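The lines below spell out each chain.
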Amino acid sequence: MKIFLSLLFFGIAAGGFAQGNISTEVSSILEFQQYDRAIHIMAMLLLGFGFLMVFVKNYGRSALTATFLLVSVALPLYLVGSTLIHGDGSKVEIQRLILAEFGAASLLIAAGALLGRIKMHQYLILGILFVPAYMLNEWVILDNGLGLLKSGFADTGGSIVIHAFGALFGVGAAISLTSSKAIDTPITSDDSSDRFSMIGSMVLWIFWPSFCAALVPAEAIPMTVINVFLALCGSTLVTYLLSVWIRGKISIADIANAALAGGVAIGATCDHAGHLTALLIGLIAGAISTTGFAVLQEKQKKLLKAVDTCGVSNLHGLPGLFGGLVAIFVVPGLSAGAELTGIAVTIIIALGLGLFSGKVISLFGRRVEAYSDAEEFADVEVE
Amino acid sequence: MKIFLSLLFFGIAAGGFAQGNISTEVSSILEFQQYDRAIHIMAMLLLGFGFLMVFVKNYGRSALTATFLLVSVALPLYLVGSTLIHGDGSKVEIQRLILAEFGAASLLIAAGALLGRIKMHQYLILGILFVPAYMLNEWVILDNGLGLLKSGFADTGGSIVIHAFGALFGVGAAISLTSSKAIDTPITSDDSSDRFSMIGSMVLWIFWPSFCAALVPAEAIPMTVINVFLALCGSTLVTYLLSVWIRGKISIADIANAALAGGVAIGATCDHAGHLTALLIGLIAGAISTTGFAVLQEKQKKLLKAVDTCGVSNLHGLPGLFGGLVAIFVVPGLSAGAELTGIAVTIIIALGLGLFSGKVISLFGRRVEAYSDAEEFADVEVE
Amino acid sequence: MKIFLSLLFFGIAAGGFAQGNISTEVSSILEFQQYDRAIHIMAMLLLGFGFLMVFVKNYGRSALTATFLLVSVALPLYLVGSTLIHGDGSKVEIQRLILAEFGAASLLIAAGALLGRIKMHQYLILGILFVPAYMLNEWVILDNGLGLLKSGFADTGGSIVIHAFGALFGVGAAISLTSSKAIDTPITSDDSSDRFSMIGSMVLWIFWPSFCAALVPAEAIPMTVINVFLALCGSTLVTYLLSVWIRGKISIADIANAALAGGVAIGATCDHAGHLTALLIGLIAGAISTTGFAVLQEKQKKLLKAVDTCGVSNLHGLPGLFGGLVAIFVVPGLSAGAELTGIAVTIIIALGLGLFSGKVISLFGRRVEAYSDAEEFADVEVE
């Protein structure tokens with residue numbers, strides 16, 4: 001009988017042990033799969049945001065170098081900051097890397113508003129000022145740091161805390177920084193720079209599902225991914241239609257930018273919306289964004305006396321806010337009060353610290369000429 | 001004794017339950033891995049097919065916008081169609097997304113034949129006409145919809161149902177659509193457009209294994225992947241050799257296109273061929289395709305009175321048909337009759353509905369000038 | 001009682017069997033995850049190395065075609081060679097594909113030293129000579145083929161056996177091959193070629209963690225990945241600072257190249273270094289590489305009477321050697337003697353066989369003009 005017992009227990013124990021190992025392997029596999037998404041997001045940061053900004057004709061070298069520097073300053077800063085807050089810096093996991101990449105994405109959005117009007121070292125200062133501001137907002141909104149958001153906040157793919165935050169911070173800084181001379185300097189593209197910017201746009205479109213699904217549990221991934229692609233299809237189609245309708249001809253800048261608005265807006269609801277809702281959110285976001293680029297951009301410039309070089313307020317700002325508001329109607333059990341509070345707090349922190357950061361950055365130098373590589377780069381062809 | 005029994009059953013049940021959970025996790029992991037391939041295929045659709053078509057010198061903005069629109073119309077259409085046929089649209093899985101991407105790939109191939117000779121909204125009409133035609137062929141061939149193919153059809157990577165179908169549909173439409181003026185309009189590239197098209201070519205090359213292995217069971221993936229890469233190596237090497245040999249100098253258009261013919265041709269046999277066979281299939285496919293571009297292209301134009309802008313008949317048509325025929329000798333247990341029937345049906349549906357669709361598309365407008373962004377895009381430089 | 005016994009054994013056996021299946025699935029999942037990294041590495045080979053070399057103004061078609069050919073000759077050659085040595089060519093696994101890709105990466109580095117001064121078929125000859133040399137070194141160092149390295153060699157990400165080996169082989173061949181006319185021919189870039197080369201640089205940056213972690217066990221992946229990104233952040237930041245400091249203005253060639261030096265140098269210690277150490281290694285490697293490009297490059301040219309077109313000695317050579325030496329202080333239990341022996345052997349084999357291969361390659365033709373597509377490509381614009 002004792003033999004039985006021991007056999008029995010051996011059987012159970014062995015089973016348990018083996019399962020323990022396999023469970024560990026399964027969870028390390030699941031973590032590893034986050035790794036693939038982390039790489040996809042890095043492609044969005046460098047090739048995506050980087051090349052999207054190359055549309056400015058004679059400023060391509062600068063835009064790409066700035067992208068490299070902004071990412072290289074944001075990742076270590078965020079990881080150090082996160083270690084100070086959460087501890088355990090000896091073993092940083094993929095999840096924390098992804099959160100750092102989210103911060104870098106938001107920073108690149110902010111930089112898009114200032115593109116071409118600050119010097120290279122000022123992008124570094126922007127990064128150093130931005131990351132703590134971003135982490136403060138993240139702490140208030142997602143970690144409920146001030147106790148304002150007890151009933152939760154829906155923003156899986158970062159419509160509010162990544163996109164709207166970055167855009168508003170950038171617009172704030174642009175208000176502080178834009179010189180009157182820069183307001184009158186035209187921002188021009190050409191055949192070549194437009195095609196380069198489409199590389200960026202397409203890279204963002206392709207990998208957007210990995211951005212939104214980066215930290216979503218495995219079982220929610222298929223729904224999330226398909227929602228994101230449907231939202232992007234919606235915004236792409238409507239961007240073409242509205243661009244022609246408003247302007248008479250298609251603007252490739254509308255296509256390169258507003259086609260992505262569906263991705264921005266679906267962020268807040270990507271793991272909760274039904275597929276048709278996702279398509280609809282994309283359609284509306286694309287319409288908002290295209291109208292922004294085709295109609296509002298010039299008005300914003302005059303109203304704010306500020307230039308938003310890449311139009312981030314129209315790609316990331318308005319569609320991001322729209323996406324956050326839609327969550328109130330789409331995410332089950334979400335408190336409208338909490339969502340609205342979170343959005344309001346984000347707007348205040350982003351605009352306020354953006355305005356402040358712009359002032360600080362302006363102390364560190366001034367370009368002679370906007371939107372030109374030649375001032376800072378060697379070996380630039382003179383046209 | 002009862003204690004034993006319960007312990008025993010508890011042991012078994014617990015084991016079974018835990019394993020059940022792990023099995024679920026394993027299968028969700030396996031589905032998730034399809035997700036990575038779905039993203040890779042999306043890179044092929046936008047960056048790959050999109051930039052490959054940028055070789056046309058003054059038509060880059062249009063080619064990229066058309067790519068965006070074709071993908072954005074094909075994915076939702078296919079998913080809606082698939083829901084109507086198979087039901088359960090509330091929860092679309094990654095597998096269905098991949099099938100939709102396959103349809104979009106075939107559509108982009110078809111569009112490559114017409115590139116530059118239709119207006120932007122006509123690409124949308126092309127997409128709306130193409131997707132049902134593609135799904136009809138898919139239903140007849142892969143679901144054995146008409147009962148013609150009881151003994152199966154080998155086409156894992158879509159040599160026939162994706163590549164040859166798209167190419168033949170496109171050629172059919174081109175026959176209906178090509179104006180006599182367009183036949184005489186030269187299609188030119190330049191230093192810049194050629195380099196952009198190589199981005200597309202390389203993106204397709206890199207991710208081709210994910211296309212062919214997208215829906216293959218996990219254990220067949222290593223063999224499939226290595227077969228695809230070997231076929232691509234074969235076609236790349238032979239393309240260079242034949243391009244020099246036939247033309248005297250290397251044509252970068254041959255390199256950008258025919259180098260991919262191995263990927264097209266290996267599709268039908270990618271999970272069955274031995275590695276040497278795969279290399280050989282690539283070599284022959286590359287030879288067929290390069291000969292097509294260097295010798296047949298001009299003859300096709302005169303014979304059919306139709307322009308195939310991207311030479312899809314030589315990249316996707318002939319190598320696809322070759323790959324499908326090779327399957328008869330390579331795939332164990334495959335019925336030659338069934339394979340030939342499937343190929344014949346595909347040719348008939350593709351050409352027939354392509355001719356018809358071309359007629360319909362021609363009712364919706366006519367370009368003033370072929371291969372030029374300026375007609376439809378704002379802010380285009382005039383040379 | 002017998003019922004119990006059988007039940008009991010059935011329970012254990014069933015558990016074991018099911019676990020066996022799951023274990024198999026888990027390990028096939030782990031192998032599959034290597035597949036994703038294999039695809040990432042392929043992106044580095046074609047888009048990464050390929051476009052990085054497009055910086056040479058009128059040689060873009062050639063650089064990209066050469067990249068295609070070098071990869072297409074290296075992969076099958078390595079796989080055939082590996083089958084001859086290790087047997088079992090009927091079922092090549094992903095791991096062997098990754099090793100073949102490593103060889104192709106090293107070959108592309110070597111080719112970067114010769115870029116623009118050999119004809120297209122000579123790149124093929126380079127590949128045919130390089131792969132056996134590379135495999136010889138791999139056998140001596142990693143398989144301890146000569147019994148020299150009994151106590152192991154640290155080089156997970158290939159600082160020595162991939163990067164330094166390729167660079168030294170290339171420099172060796174360049175010494176044998178460079179004509180005095182080529183020494184005086186300037187290598188120029190322009191706005192367009194510089195932006196294309198940044199595509200390559202960014203693709204390499206993005207996927208570098210997959211290169212270093214390609215064959216690392218699952219549990220070491222997070223640490224490896226974050227180390228690689230931190231090293232790249234370090235080299236990117238220091239490259240900008242030093243480029244401005246040494247040259248007065250930023251050189252985009254420094255940015256495109258030296259920013260990657262952190263990835264080269266962290267290779268040897270990527271799975272052992274702490275995160276701060278990784279950042280520091282990146283900072284130093286970036287400083288070494290930028291100094292190389294800004295100061296040493298011209299001196300090397302005069303000293304060696306050889307042109308290293310892409311500066312591979314400054315991107316892959318010096319940072320690779322630095323990374324290998326650092327391993328002595330970072331990797332626990334590593335024998336300094338073994339590491340130094342491995343480095344010395346690599347230097348001797350690479351330089352020796354590089355010099356020899358250069359002589360052989362020079363027997364197969366001579367370019368009329370360096371760094372120009374027009375000599376070998378049809379339809380090239382004449383400036």
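Residues numbered from 1 in each chain as written. Chains lettered and ligands numbered in written order. Predicted model: local features only at pLDDT ≥ 70, side-chain atom pairs only at ≥ 80, totals over all residues. Heavy atoms only, no water.

(A) Expanded view of the overall build of chain A. For chain A, the count of helices and strands is 13 helices and 0 strands. In sequence order, chain A lays out its α and β elements as α-α-α-α-α-α-α-α-α-α-α-α-α. Taking 21 Å as the expected radius of gyration for a compact globule of 383 residues, we find that chain A reaches 22 Å, a close match to that expectation. In terms of its C-alpha atoms, chain A occupies a principal-axis envelope of roughly 95 × 45 × 40 Å. Intrachain contacts of chain A at a sequence separation of at least 6 include 81% that bridge at least 24 residues. Counting every atom, chain A has about 12,500 Å² of accessible surface; 67% of that belongs to carbon and sulfur. Counting 20 positive and 26 negative side-chain charges, chain A places the averaged centre of each group 7 Å from the other. (Helix = DSSP H or I, 4+ residues; strand = E, 2+ residues; numbered from the N terminus. Rg over C-alpha atoms; globule rule 2.2 N^0.38 Å. Contact = heavy atoms within 4.5 Å. Areas by Shrake-Rupley, 256 points an atom, 1.4 Å probe, with all protein chains shown as cover. Lys, Arg positive; Asp, Glu negative; His and termini not counted. Charge placed at Lys NZ, Arg CZ, Asp CG, Glu CD.)

(B) Quick look at the interface of chain B and chain A. On the side of chain A, 50 residues touch chain B, which itself brings 60 residues to the contact. For the chain B and chain A pair, buried surface summed over both sides reaches about 4,800 Å², with 76% attributable to carbon and sulfur atoms. Applying the counting criterion to the chain B and chain A interface returns 2 salt bridges. Measuring nitrogen to oxygen at the nearest pair gives 2.9 Å for the salt bridge that ties R61 of chain B to D194 of chain A. Counting across the chain B and chain A interface gives 8 residue pairs in polar contact (both at pLDDT 80 or more). Residue assignment for the side of chain B that touches chain A shows that the elements contributing at least two residues are helix 1 (2-52), helix 2 (60-86), helix 3 (94-114), helix 4 (120-141) and helix 7 (191-212) of chain B. Here the element with the most residues in the side of chain B that touches chain A is helix 1 of chain B; it accounts for 22 residues. Tallied by class, the residues present in the side of chain B that touches chain A amount to 35 nonpolar, 15 polar and 10 charged. (Buried area = accessible area lost by both parts, 1.4 Å probe. Salt bridge = Lys/Arg side-chain N within 4 Å of Asp/Glu carboxyl O. Polar contact = N/O pair within 3.5 Å; in protein donor to acceptor, adjacent residues only side chain to side chain. Nonpolar A, V, L, I, M, F, W, Y, C, P; charged D, E, K, R; others polar.)

(C) Just the interface of chain C and chain B, in detail. Each partner contributes to the interface: chain C provides 60 residues, whereas chain B provides 50 residues. Summed over both partners, the interface of chain C with chain B comes to about 4,800 Å²; 76% of that surface belongs to carbon and sulfur atoms. For the pair chain C and chain B, the number of links is 2 salt bridges. Of the charged contacts, one joins R61 of chain C and D191 of chain B as a salt bridge, the two residues approaching to 2.7 Å between their closest N and O atoms. Across the contact surface, chain C and chain B share 8 residue pairs in polar contact (both at pLDDT 80 or more). The set of elements that each furnish at least two residues to the side of chain C that touches chain B consists of helix 1 (2-52), helix 2 (60-86), helix 3 (94-114), helix 4 (120-141) and helix 7 (191-212) of chain C. With 22 residues, helix 1 of chain C is the single largest residue contributor to the side of chain C that touches chain B. Broken down by class, the residue content of the side of chain C that touches chain B amounts to 35 nonpolar, 15 polar and 10 charged.

(D) Region of the structure containing the relation of the copies chain C and chain B. Rotating chain C by 120 degrees about the axis while translating it 0.0 Å along that axis superimposes it on chain B, leaving an RMSD of 0.0 Å. Put plainly, the chains are arranged around a three-fold axis. (Least-squares fit on C-alpha atoms with pLDDT ≥ 70 in both.)

(E) Region of the structure containing a nonpolar patch on the surface. Residues and elements named next belong to chain A. Taken together, W245, I246, V295, L296 and L318 make up a surface patch of nonpolar side chains, about 440 Å² in accessible area. For the nonpolar patch, the secondary-structure elements that each account for two or more residues are helix 8 (221-247) and helix 11 (275-304). Among the secondary structure elements, I246 is positioned in helix 8. (Patch = residues over 30% accessible without salt bridge, like charges linked within 9 Å, V, L, I, M, F, W, Y side chains within 5 Å.)

(F) Fine view of unusual backbone geometry. The phi dihedral of K305 of chain A is positive, around 50 degrees, even though this residue is not glycine. Structurally, K305 of chain A is set in the loop between helix 11 and helix 12 (312-330). In this structure K305 of chain A comes out as exposed when scored by relative accessible area, which is 59%. The phi dihedral of Y371 of chain C is positive, around 55 degrees, even though this residue is not glycine. You can see Y371 of chain C is positioned in the segment after helix 13 (336-362). (Buried < 20%, exposed > 50% of the residue type's maximum accessible area, 1.4 Å probe, protein only.)

(G) Expanded view of the packing of helix 5 (residues 159-177) of chain A against helix 13 (residues 336-362) of chain A. All names here are of chain A. At a minimum axis distance of 7 Å, the contact between helix 5 and helix 13 shows a crossing angle of 35 degrees. Here helix 5 runs over helix 13; the crossing is right-handed. For the contact of helix 5 with helix 13, a count of residues per class yields 15 nonpolar, 7 polar and 1 charged. (Axes fitted to C-alpha atoms, helices over the stretch in contact; angles between N-to-C directions. Left-handed = near helix turned anticlockwise from the far one by under 90°.)

(H) Inspection of the pattern of salt bridges at higher detail. Applying the stated rule across the entire model yields 18 salt bridges over all chains. If you follow the salt bridges from partner to partner, you end up with R61 and D373 of chain A together with D191 and D194 of chain C in one network.

(I) Looking closely at helix 7 of chain C. Residues and elements named next belong to chain C. For helix 7, built from 22 residues, the straight-helix expectation of 32 Å at 1.5 Å per residue is met to within 8% by its first-to-last C-alpha distance of 32 Å. Along helix 7, the largest kink reaches about 45 degrees and is centred on I206; proline P209 follows within four residues of it. A large share of helix 7 lies buried, amounting to 22 of its 22 residues. (Expected span 1.5 Å × (residues − 1). Bend = angle between axes of the 7 residues up to and from the residue.)

(J) Region of interest: the packing of helix 4 of chain C against helix 5 (residues 159-177) of chain C. All names here are of chain C. Packing of helix 4 against helix 5 brings their axes to within 11 Å, and their N-to-C directions diverge by 135 degrees. Comparing their axes, helix 5 and helix 4 come out oblique. The hand of the helix 4/helix 5 crossing is right-handed. For the pair helix 4 and helix 5, the contacting residues are L126, F130, A133, Y134, N137 and I141 in the first and V161, I162, F165, G166 and F169 in the second. For the contact of helix 4 with helix 5, the per-class residue count stands at 9 nonpolar, 2 polar and no charged. (Parallel < 35°, antiparallel > 145°, perpendicular 65-115°, else oblique.)

(K) Broad picture of the relation of the copies chain B and chain A. Rotating chain B by 120 degrees and translating it 0.0 Å along the rotation axis places it on chain A, where the RMSD comes to 0.0 Å. Mapped onto chain A, only 17% of the interface residues of chain B again fall at the interface, so the copies present different surfaces.

(L) Here's a closer look at the side chain of S197 of chain B. All names here are of chain B. Along the chain, S197 falls in helix 7. Classification of S197 by relative accessible area gives buried; the value is 4%. If we ignore the near neighbours within four places in the chain, the residues touching S197 are F51, L52, F55 and A256.

(M) How the structure looks around the environment of L177 of chain A. Summarising the element assignment, L177 of chain A is placed in helix 5. For L177 of chain A, the residues in contact, after removing those within four places along its chain, are L114, I118, G358, I361 and S362 of chain A.

(N) Summary view of the packing of aromatic side chains. All told, the structure shown has 36 aromatic pairs over all chains when counted by the stated rule. Between the aromatic rings of W208 of chain C and F211 of chain C, the centroid separation amounts to 6.4 Å while the plane-to-plane angle is 50 degrees, which identifies the pairing as tilted. One end of the pair is W208 of chain C and the other is F211 of chain C, both in helix 7 and 3 residues apart, which spans about a single turn. For F211 of chain C, a relative accessible area of 2% gives the class buried. Taken together, the ring pairs in this structure connect F51 and F196 of chain A, F51 and F196 of chain B together with F51 and F196 of chain C into an aromatic cluster. (Phe/Tyr/Trp six-rings, centres within 6.5 Å; stacked < 30°, edge-to-face > 60°.)

(O) Here's a closer look at the side chain of Q122 of chain B. Residues and elements named next belong to chain B. Locating Q122 in the fold gives a position in helix 4. A polar contact of 2.6 Å, which involves the side chain of Q122, links it to the backbone nitrogen of K119. Q122 has contacts with I361, S362, F364 and G365, leaving out every residue within four places of it along the chain.

(P) Molecular detail of the environment of S179 of chain B. Residues and elements named next belong to chain B. Locating S179 in the fold gives a position in the loop between helix 5 (159-177) and helix 6 (180-184). S179 gets classed as partly exposed once you look at its relative accessible area, which sits at 23%. Separated by 127 residues in the primary sequence, S179 and A306 place their C-alpha atoms 8.0 Å from one another.

(Q) Quick peek at helix 11 (residues 275-304) of chain C. All names here are of chain C. Given a rise of 1.5 Å per residue, 30 residues ought to cover 44 Å, yet the end C-alpha atoms of helix 11 are separated by just 38 Å, more than 12% below that figure. Of all the bends in helix 11, the largest measures some 60 degrees and sits at L296. Of all the residues in helix 11, the buried ones are H275, A278, I281, G282, A285, G286, S289, T290, G292, F293 and Q300. Packed against the buried residues of helix 11 are helix 8 (221-247), helix 9 (252-258), helix 10 (261-266) and helix 12 (312-330). Of the residues trailing helix 11, K305 is marked for its positive phi of about 50 degrees.

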